Amino acid sequence: MLAETICSAVSAAGLGIAAIAAYRKRFLSAARIAAYALVPLGLVMTGAVAWIAGTAFSPVAWAGFGLLGLAWLLFLSTRAVERRRAGGGQAAVAEPAPRAAAPGAQAPPRAVTGKPRAAEPAGDDFSDIEAILKKHGI
């Protein structure tokens, strides 16, 4: 009952302020203030204020909100575990298996041994690229 009275007083005060703004030829501001002022009155008339007041002071309602929060946390944690499992399995599947060299194909490049490579002649710089392109038929 107190909440309804307060909301009605707030609406009345807001409509008074809107009337003053309209008197000062600020019609856009007056319309906006009137719109805000009518919201609390509309909430009282629909019963939303009574529902909120009943919910805010009800231990059963708070227990229900707690259960909803717990359900939400369980849902999120199971989704995280599901994604983690799927992510680990996809990484193993996504890697291509090494293929055997085709007959007549060039040998794969040497493994890195940590030794500095000798300077190669300028004409040999693109031989690796040419071999890759020929391998793919380009």
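Scroll up a little and you will see the structure.
Quick caveat, the model's predicted, so the values are computed rather than measured.

Caption draft 1: Geometry of helix α1 (residues 2-23). Relative to the 32 Å expected for 22 residues at 1.5 Å per residue, α1 spans 32 Å between its end C-alpha atoms, a close match to the ideal helical length. Those residues of α1 that fall on the buried side of the exposure criterion are Cys7, Ser11, Gly14, Ala18 and Ala21. Relative to the axis of α1, the buried residues are bounded by an arc of 80° and lie together on one face. Facing away from the buried surface of α1 by more than 90 degrees, the exposed residues are Leu2 and Tyr23.

Caption draft 2: Fine view of the side chain of Thr55. Take Thr55: it is sitting in helix α3 (residues 48-56). Among the polar contacts made by the side chain of Thr55, one reaches the main-chain carbonyl oxygen of Trp51 at a distance of 2.7 Å. Leave out the neighbours within four places in its chain, and Thr55 touches Ala61, Trp62 and Phe65.

Thresholds, definitions, all that
- Residues numbered from 1 in each chain as written.
- Predicted model: local features only at pLDDT ≥ 70, side-chain atom pairs only at ≥ 80, totals over all residues.
- Heavy atoms only, no water.
- Helix = DSSP H or I, 4+ residues; strand = E, 2+ residues; numbered from the N terminus.
- Expected span 1.5 Å × (residues − 1).
- Buried < 20%, exposed > 50% of the residue type's maximum accessible area, 1.4 Å probe, protein only.
- Arc of directions from axis to C-beta.
- Polar contact = N/O pair within 3.5 Å; in protein donor to acceptor, adjacent residues only side chain to side chain.
- Contact = heavy atoms within 4.5 Å.

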